[in-house]
Amino acid sequence: MIEKILLADSGTGHSEEMLKALMEIPSIQRANVTVLHVVPSQITTDAMTEKWEEGGKVLANAIQTLNLDPTHVNGILRQGDPKDVVLKVAEEIDADLIIMGSRGLKRIISILENSVSQYVFQLSSRPMLLVKDDIYVKKIRRIMVAVDKSEAAQNCLKLALFFLRDIKGGQLTLVHVDPNLTGKSDSVVGAAAEKDPVVAAAVAEAKKAGVHYQCIAASGKPGEEICRLAEENNIDLLMLGSPDRRPSIAKGLPDLDRLLGTSLSDYVRVHATCPVLLTRTVAA
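Conventions and cut-offs
Residues numbered from 1 in each chain as written. Predicted model: local features only at pLDDT ≥ 70, side-chain atom pairs only at ≥ 80, totals over all residues. Heavy atoms only, no water. Helix = DSSP H or I, 4+ residues; strand = E, 2+ residues; numbered from the N terminus. Buried < 20%, exposed > 50% of the residue type's maximum accessible area, 1.4 Å probe, protein only. Expected span 1.5 Å × (residues − 1). Arc of directions from axis to C-beta. Contact = heavy atoms within 4.5 Å. Salt bridge = Lys/Arg side-chain N within 4 Å of Asp/Glu carboxyl O. pLDDT = per-residue confidence, 0-100. Phe/Tyr/Trp six-rings, centres within 6.5 Å; stacked < 30°, edge-to-face > 60°. Lys NZ or Arg CZ within 6 Å of the ring centre and 35° of its normal. Pairing = 2+ DSSP bridges. Axes fitted to C-alpha atoms, helices over the stretch in contact; angles between N-to-C directions. Parallel < 35°, antiparallel > 145°, perpendicular 65-115°, else oblique. Left-handed = near helix turned anticlockwise from the far one by under 90°.

**Thoughts on the overall build of the protein**
- Summing up its helical and strand segments, the protein has 11 helices and 11 strands in all.
- Burial analysis of the protein (284 residues in total) assigns 49% to the buried set.

**Structural notes on helix H2 (residues 45-66)**
- Taking 1.5 Å of rise per residue, 22 residues should cover 32 Å, and H2 covers 32 Å from first to last C-alpha, within 8% of that figure.
- All of the buried residues in H2 are Gly-55, Leu-59, Ala-62 and Leu-66. Down the axis of H2, the smallest arc covering the buried residues is 60°, so these residues share one side. Along H2, exposed side chains directed more than 90 degrees from the buried face belong to Asp-46, Glu-53, Lys-57 and Gln-64.
- Elements that come into contact with the buried residues of H2 comprise strand S1 (4-8), helix H1 (15-22), strand S2 (32-39) and strand S3 (73-79).
- Backbone geometry just downstream of H2 places Asn-67 in the positive-phi region, at approximately 55°.

**Focus on the pattern of salt bridges**
- In total, this model carries 14 salt bridges according to the counting rule given.
- When the shortest N-O distance is used, the salt bridge between Glu-24 and Lys-139 registers 2.5 Å. Of this pair, Glu-24 sits in the loop between H1 and S2 while Lys-139 sits in the loop between strand S5 (128-132) and strand S6 (142-146), and the two are 115 residues apart along the sequence.
- Here the salt bridges share partners, and the residues they tie into one network are Glu-91, Asp-94 and Arg-126.

**Quick word on the confidence of the model for the protein**
- For the protein, mean pLDDT is 84; residues scoring 70 or higher make up 85% of the total.
- Mean pLDDT across the elements of the protein ranges from a minimum in helix H4 (residues 107-112), with 40, to a maximum in S6, with 97.
- Counting contacts from residues 247-261, a segment whose pLDDT is below 50, to residues more than four positions away or on other chains yields 28 contacts.

**Quick word on unusual backbone geometry**
- A positive phi angle, close to 55°, is found at Asn-67, a residue other than glycine.
- A relative accessible area of 66% means that Asn-67 is categorised as exposed.
- We note that Asp-94 has phi near 55°; this positive angle belongs to a residue other than glycine.
- Its place among the elements puts Asp-94 in the loop between helix H3 (82-93) and strand S4 (97-102).
- For Asp-94, a relative accessible area of 42% corresponds to the partly exposed category.

**Section: the packing of aromatic side chains**
- Inspection of every chain in the model, using the stated rule, returns 1 aromatic pair.
- Aromatic pair Phe-162 and Phe-163: ring centres 6.2 Å apart, planes at 45°, arrangement tilted. Comparing Phe-162 with Phe-163 shows no difference in burial state: the two are buried.
- Lys-83 extends its terminal NZ or CZ atom over the ring of Tyr-119, reaching a point 5.2 Å from the ring centre.

**Details of the pairing of strand S10 (residues 237-243)**
- Most of S10 sits out of view: 6 of its 7 residues are buried.
- Direction of pairing for S6 relative to S10: parallel, over a ladder of 4 bridges. Counterpart to Val-145 in the pairing with S10 is Met-239.

**Remarks on the packing of H3 against helix H5 (residues 116-123)**
- Where H3 meets H5, the closest approach of the two axes is 9 Å, and the angle between their N-to-C directions is 40°. Looking at the two axes, H3 sits oblique to H5. For the pair H3 and H5, the crossing hand works out as right-handed. Facing H3, whose interface residues are Pro-82, Lys-83, Asp-84, Val-86 and Leu-87, H5 presents Val-116, Tyr-119, Val-120 and Leu-123.

**Quick notes on the environment of Val-177**
- Secondary-structure assignment places Val-177 in strand S7 (residues 171-179).
- A relative accessible area of 10% places Val-177 in the buried class.
- Remark: the alpha-carbon pair of Val-177 and Ile-226, spanning 49 residues in sequence, is separated by 7.5 Å.
- For Val-177, the residues in contact, after removing those within four places along its chain, are Ala-218, Ser-219, Gly-220, Lys-221, Pro-222, Glu-225 and Ile-226.

In structure tokens form, the structure reads like this:
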């Protein structure tokens, strides 16, 4: 399921560490990795030459640090607006997963500060793994999936099972949060949680795949509950489905209404204390 990975490397943050942790998962160790570094456009020739030299060093250092099989890694150095270049290269290589660092900016701030990860997340239909600058990347053993009845969530569960099937000692945590407008938090685990139809369906898939699991049925504010449960259960990777957010009329522009509105995926990517992988559903 993951054969082509695009690492958008800015030379800062923990994206390289995230890729190294991900590549320890047996099921994707043979994936082809493209490491991309983007050089911003410059006004003068001298400045352009300097930035290209700096970018080349960043790219070379990243590839050396990752220490991947040379036959499965490719470096790309491009000039332009990082937001547009990441999207373009993801399309060119038909990436199955995009890995990016994130400053964890809230919605309106991310718009005003021209956030690259937020822009790419908004316009791409590809799964994205976001790792904030202020978190610690751990070896991936415990994966949490926020489940619901959506197609995006089903894709997310399939990907998590793909990861976990060969991870020795791996555990899947299935969480379904029933929205509670009062904000009151409550949860049940184990057999009681499996009475939740959404959880029960996910458990059936986990059993079929032979993956060790635990399950939680909760109520409250979904974003807050998912982040709280991920932290309490010491989760290494949090995964959730996110519908295609591209506007239906103008696919080339960010959907500002949704950016400014309430979004579960936006909340989780900002507040989670572990890396967040968002799977998508492409709109018809």
